Amino acid sequence: MTEGTKKPFIVREIRQQFPALRQLIYNKNLIYFDNGATSQKPQVVLDAINMYYSKDNANIHRGVHFMSQQATTEYEKARVTIQNYIHAKKSEEIIFTKGTTDGINLVAFSYGELLSAGDEILITAMEHHSNIVPWQMLCQRKNLVLRVAPINKKGELIIEEFDKLLNSKTKLVAVTHISNTLGTINPVKELAAKAHAVGAKILVDGAQSIQHMSIDVVDMDCDFFVFSGHKVFGPTGIGVLYGKEALLDKMPPYQGGGDMISRVTFEHTTYNELPFKFEAGTPHIAGGICLGKAFEFLSELDMDAVQKYEKELADYAQDMLDTFEGLDIIGEAKKKTSVVSFVVEGIHPFDIGTLLDKQGIAVRTGHHCTQPLMDFFQIPGTVRASFAFYNTREEVDIFIAAVEKSINMLK
Amino acid sequence: MTLEDKQQEIIQEFEMFDDWMAKYEYIIDLGKELPLIDKNKKTNDRLIRGCQSNVWLDSTVVDGKLIFTADADAIITKGIIGLLIRVLSNETPESVAKADLHFINTIGLHEHLSPTRANGLLSMVQKMKMTALLNLDKA
């Protein structure tokens with residue numbers, strides 16, 4: 001879809017397409033500020049799920065019959081929709097996975113097979129456990145070294161320190177595009193250039209960026225880009241690994257099974273071509289098709305307007321919270337988006353989260369699967385409000401009043 | 001007062017509250033009042049780590065009855081601990097082991113004891129029951 005056909009961004013109209021937002025929680029209108037954990041689903045995605053299982057349900061890539069061909073067409077159409085959305089050069093570069101974690105594990109295993117003892121993996125101090133643990137496991141398996149680029153107190157990557165850790169032994173940089181806890185936007189394009197300058201590859205964890213901004217993997221020049229479907233208005237259990245074709249071609253398969261083979265004998269198996277080489281077994285067909293619908297939905301939106309709107313919403317919330325005595329915003333990067341994490345002196349995040357819940361407001365509390373980051377800030381966790389384009393300023397006002405009420409009760 | 005009487009008493013207390021915030025206000029007050037566990041007893045072997053909040057539990061047997069003291073880093077967790085201790089402490093190991101803590105359900109706090117909540121409370125109750133089982137012969 002070209003720029004000209006994009007619909008103007010009107011939040012009231014957008015909200016109507018998300019039935020989950022129209023419900024009462026403890027007799028209060030739901031305010032859903034846990035979009036960093038998962039997003040709600042638009043009606044088109046819900047309809048597509050229903051339609052798939054009511055009508056098109058059949059196994060794909062192997063059937064001679066009508067329904068199988070229909071399902072295969074829809075599934076492959078979704079792959080192309082996603083390819084176009086992230087501006088990948090070829091649909092073969094779009095691998096369906098279970099989600100971000102699965103995509104990272106695939107790369108850690110498969111790209112990891114190409115590495116040898118002494119090679120280095122460079123991550124940052126703000127990574128989600130999913131972008132830490134698979135690399136630790138790889139390092140143990142292949143005797144590699146894991147390096148961690150530090151961040152400053154604002155929650156920004158210290159580029160000079162990153163540069164110092166990057167060297168000819170670095171084979172992969174794995175970095176989050178947007179921190180799920182802090183909202184920090186990392187300069188991934190710049191980091192990709194730096195990685196490539198020393199001959200390293202770069203994996204960008206897009207779990208928190210794909211739903212908030214336009215993504216162009218070619219312009220970013222990342223070697224891998226991973227994300228989860230459920231955070232981008234699609235179903236759970238489906239995600240995407242984008243990888244550059246030449247690199248994916250070199251990598252051995254991750255899992256063996258049906259669909260990923262070309263010819264099997266008991267002596268020897270030849271593998272299928274991309275993307276199927278990395279998609280063993282019957283995939284999450286409904287998930288893939290409906291994720292495609294989510295991207296069709298997103299394609300109609302002006303993502304620059306969305307990004308601007310979400311940033312304004314987060315800034316507004318942050319400015320209001322900042323006025324509370326004893327409240328500290330965690331993550332004050334110059335470039336951040338749609339996430340506001342905070343702690344209140346003498347009050348446990350869990351208590352605030354529980355009281356907000358009882359006021360109909362869904363936030364996340366705890367360590368957000370970033371325990372090393374919590375250790376860095378020396379806090380047990382934060383309260384995190386994470387916004388999506390269907391949230392409103394009025395909701396933020398109610399949230400702020402609810403936070404104030406909660407703090408007063410807990411003091 | 002039997003263990004069941006104590007549960008009924010708590011249920012009656014909670015009937016006074018007509019909304020969630022009032023209920024939680026009361027729990028928070030209980031949390032603030034809870035006698036803290038002895039500082040030197042807040043050790044790692046008494047720590048029950050939850051995903052959200054941490055709980056420390058200590059138990060002793062005095063005159064054939066189990067005495068529990070506990071603490072938590074979150075005040076709501078602490079308030080609910082206060083309720084659990086009120087019911088389970090100063091009871092024989094046998095009554096603790098057999099206790100059906102139905103009051104939690106009735107007053108609407110079961111979510112805090114669900115395995116998904118991961119705040120250490122479910123593990124705490126399990127540990128209390130385990131302690132009771134291990135002390136059955138001391139009654």
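The structure reproduced in this document is the subject of the present report. All figures in this text were calculated on a predicted structure; none of them were measured in a lab. (Residues numbered from 1 in each chain as written. Chains lettered and ligands numbered in written order. Predicted model: local features only at pLDDT ≥ 70, side-chain atom pairs only at ≥ 80, totals over all residues. Heavy atoms only, no water.)

What about the overall build of chain A?
Point 1. Broken down by element type, chain A carries 14 helices and 17 strands.
Point 2. C-alpha atoms of chain A, sized along the principal axes, occupy 70 × 55 × 40 Å.
Point 3. For chain A, the proportion of its 411 residues judged to be buried stands at 56%.
Point 4. In chain A, the proportion of contacts linking residues at least 24 apart, taken out of those at least 6 apart, comes to 71%.
Point 5. Within the structure as shown, chain A displays about 16900 Å² of accessible surface, and the carbon and sulfur contribution to it stands at 52%. (Helix = DSSP H or I, 4+ residues; strand = E, 2+ residues; numbered from the N terminus. Buried < 20%, exposed > 50% of the residue type's maximum accessible area, 1.4 Å probe, protein only. Contact = heavy atoms within 4.5 Å. Areas by Shrake-Rupley, 256 points an atom, 1.4 Å probe, with all protein chains shown as cover.)

Remarks on the environment of A:Asp351
Point 1. Tracing the backbone through its elements, the reader meets A:Asp351 in helix 12 (residues 349–358).
Point 2. The class of A:Asp351 is buried, set by a relative accessible area of 2%.
Point 3. Once the C-alpha coordinates of A:Asp351 and A:Met409 are considered, the two residues, 58 residues apart in sequence, prove to be 9.9 Å apart.
Point 4. When sequence neighbours within four positions are dropped, the list of residues in contact with A:Asp351 reads A:Leu410, B:Ala74, B:Ile75, B:Ile76 and B:Thr77.

Some remarks on helix 4 (residues 100–110) of chain A
All names here are of chain A.
Point 1. Burial analysis of helix 4 places eight of its eleven residues in the buried class, which makes it a mostly covered element.
Point 2. When we look at burial in helix 4, the residues that qualify are Thr100, Asp102, Gly103, Ile104, Leu106, Val107, Ala108 and Ser110.
Point 3. The elements touched by buried residues of helix 4 are strand 4 (94–97), helix 5 (133–142), strand 8 (201–205), strand 9 (224–228) and strand 10 (239–243).

A few points about the sheet that holds strand 6 (residues 145–149) of chain A
Residues and elements named next belong to chain A.
Point 1. Read across the sheet, seven strands follow the order 4-10-9-8-7-5-6 without closing on themselves; strand pairing throughout is mixed. In this open sheet, the two edge strands, each paired with only one partner strand, are strand 4 and strand 6. Sheet twist, expressed as the average angle between the axes of neighbouring strands with direction ignored, equals 20°.
Point 2. Contacts between helix 4 and the sheet are confined to strand 4, strand 8, strand 9 and strand 10, with strand 9 contributing the most and set at about 150° to the helix.
Point 3. Packing of helix 7 (residues 188–197) onto the sheet brings it into contact with strand 7 (170–176) and strand 8, and relative to strand 8 it is tilted by some 160°. (Pairing = 2+ DSSP bridges. Axes fitted to C-alpha atoms, helices over the stretch in contact; angles between N-to-C directions.)

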